[in-house]
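These are the residues of each chain, in order.
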Amino acid sequence: MTKRSKRLEKGVDSLKRQIENHFNKVEEDIKDNEIYIGRYHIKEIEKSLLFTLERKISIIGFSKENSELIKKYKERLEKLKKEYGIR
């Protein structure tokens, strides 16, 4: 079980980095007025990365820190979607 936990924790860390990279790409695309490409990154975060992150964290066990992180990502995502009219 220990190997599995360590592997899941590494996976969670990797997903956090990927989500941050996609958020950075969204912001760059919006600055460059490439809304369609920004939409792709938002969908990728919302449909794939965030979902997978939640699943892995639920397997490890929710902690207050991880719950706050997921909440922060969702709020940041909604803010970007609302601010730029992206659905």
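Rules behind the numbers
- Residues numbered from 1 in each chain as written.
- Predicted model: local features only at pLDDT ≥ 70, side-chain atom pairs only at ≥ 80, totals over all residues.
- Heavy atoms only, no water.
- Helix = DSSP H or I, 4+ residues; strand = E, 2+ residues; numbered from the N terminus.
- Buried < 20%, exposed > 50% of the residue type's maximum accessible area, 1.4 Å probe, protein only.
- Contact = heavy atoms within 4.5 Å.
- Areas by Shrake-Rupley, 256 points an atom, 1.4 Å probe, with all protein chains shown as cover.
- Lys, Arg positive; Asp, Glu negative; His and termini not counted.
- Charge placed at Lys NZ, Arg CZ, Asp CG, Glu CD.
- Expected span 1.5 Å × (residues − 1).
- Arc of directions from axis to C-beta.
- Polar contact = N/O pair within 3.5 Å; in protein donor to acceptor, adjacent residues only side chain to side chain.

J.: Let's hear about the overall build of the protein chain: which residues, and what values?
T.: A count of helical and extended segments in the protein chain gives three helices and zero strands. Taken from N to C terminus, the helices and strands of the protein chain fall in the order α-α-α. On the principal axes, the C-alpha backbone points of the protein chain span a range of 45 × 20 × 15 Å. Looking at the protein chain residue by residue over its 87 residues, the buried ones come to 31%. Residue pairs in contact within the protein chain that sit at least 24 positions apart in sequence constitute 70% of those at least 6 positions apart. Carbon together with sulfur atoms contributes 48% to the accessible area of the protein chain, which is approximately 6,300 Å² in total. Side chains of the protein chain carry 23 positive and 16 negative charges; the gap between the two charge centres is 7 Å.

J.: Give me the lowdown on helix α3 (residues 64–83), citing residues and values where you can.
T.: Two residues of an α-helix separated by three or four positions point the same way, owing to the 3.6 residues in each turn. When the terminal C-alpha atoms of α3 are compared, their 28 Å separation across 20 residues agrees well with the 28 Å that a helix rising 1.5 Å per residue should span. Residues of α3 that are buried include every one of Asn-66, Leu-69, Ile-70, Tyr-73, Leu-77, Leu-80 and Lys-81, and no others. For α3, the angular spread of the buried residues around the axis is 100 degrees, confining them to a single face. Facing away from the buried surface of α3 by more than 90 degrees, the exposed residues are Lys-64, Glu-65, Lys-79 and Lys-82. The inward-facing, buried residues of α3 abut α1 (2–31) and α2 (35–60).

J.: Got a sec to walk through the side chain of His-41? Specific residues and values, please.
T.: One can find His-41 in helix α2. At a separation of 3.4 Å, a polar atom in the side chain of His-41 contacts the side chain of Asp-29. Among residues more than four places away in sequence, those in contact with His-41 are His-22, Lys-25, Val-26 and Asp-29.

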